[in-house]
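A closer look at the structure
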Amino acid sequence: MIGLKGTLNVIDNSGALLVECVNVLKQKVNNGWGGVGDEIVCVVKRARPVSTAAQASSTAVKVRKGDVRRAVIVRTKKAVRRPDGRVIRFDDNAAVLLNNKRDMLGTRIGGVVSADLRMKGWGKIISIAPKVI
């Protein structure tokens, strides 16, 4: 469950390392808390440093500290019960950054994601992720 001022690790290669949630974009259920598969608006709190040589290349960092971006939650520390009775809990909260068209900002994902993303319509993230639990 991610709410206002919640921090998440970024597990894609967009250039951001840590983001802070400022709004949960979904229907008015669950009183403003977001779970796996929910879209949020976040502020980049920590990003990879950008060198002058890397700025000119095509693989330049896409985000900077202070940028306001959209993201989708892919892991939460809060335990989630699956329909078959299993309870899934991760070690940290993590997100993947999106652009305004709801496409991924990065091209790779470096970590485990939840299988619940498939039910929420985020199949592209599932297909790129190295491991799905």
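Sequence positions are assigned chain by chain, starting from 1 and proceeding in written order. In view of the model being predicted, local features appear only for residues whose pLDDT reaches at least 70, and side-chain atom pairs are presented and counted only at 80 or more, with totals across whole chains, interfaces and linings using the full set of residues. For side-chain calculations, the full set of non-hydrogen atoms in the structure is used, while hydrogens and water are omitted.

In the nomenclature of an unreviewed UniProt entry, the protein is known as Ribosomal protein L14 of Thelephora ganbajun.

Here we come to the side chain of R75. Secondary structure counts use DSSP, requiring at least four H or I residues in a row for a helix and at least two E residues in a row for a strand, with both numbered from the N terminus. In this structure, R75 sits in strand β4 (residues 68–75). Relative accessibility under 20% of the residue-type maximum defines a buried residue, over 50% an exposed one, and the middle range a partly exposed one, all with a 1.4 Å probe and only protein chains included. Classification of R75 as buried rests on a relative accessible area of 10%. Counting of polar contacts relies on pairs of N or O atoms within 3.5 Å, with two restrictions inside protein: one atom must be capable of donating a hydrogen and the other of accepting it, and residues adjacent in sequence are counted only when both atoms are side-chain atoms. One polar contact links the side chain of R75 to the main-chain carbonyl oxygen of V112, over a distance of 2.8 Å. Every residue pair with non-hydrogen atoms within 4.5 Å of one another is taken to be in contact. When near neighbours in sequence (up to four residues on either side) are disregarded, R75 contacts I11, V36, F90, D92, N93, A94, G111, V112 and V113.

This brings us to the environment of L25. With respect to the element layout, L25 can be found in strand β2 (residues 16–25). Since its relative accessible area comes to 28%, L25 is described here as partly exposed. Taking the C-alpha atoms as reference, L25 lies 9.2 Å from R70; in sequence the two are 45 residues apart. Excluding its chain neighbours within four sequence positions, the residues that come into contact with L25 are E39, I40, V41 and R70.

Turning our eyes to something else, we now look at the sheet that holds strand β3 (residues 39–47). Paired strands, as defined in this entry, are two strands with at least two bridges between them according to DSSP. Pairing within the closed barrel is mixed, and its 5 strands lie in the order β1-β2-β3-β4-β7. Adjacent strand axes in the sheet meet at a mean angle of 55 degrees when their direction is disregarded. Bridge count between strand β1 (residues 7–10) and β2: 3 bridges; the pairing is antiparallel. Paired with T7 across the strands is E20, a residue of β2. For every element, the axis is a line fit to its C-alpha atoms; helices are fit only across the contacting stretch, and the angle between N-to-C directions ranges from 0 to 180 degrees.

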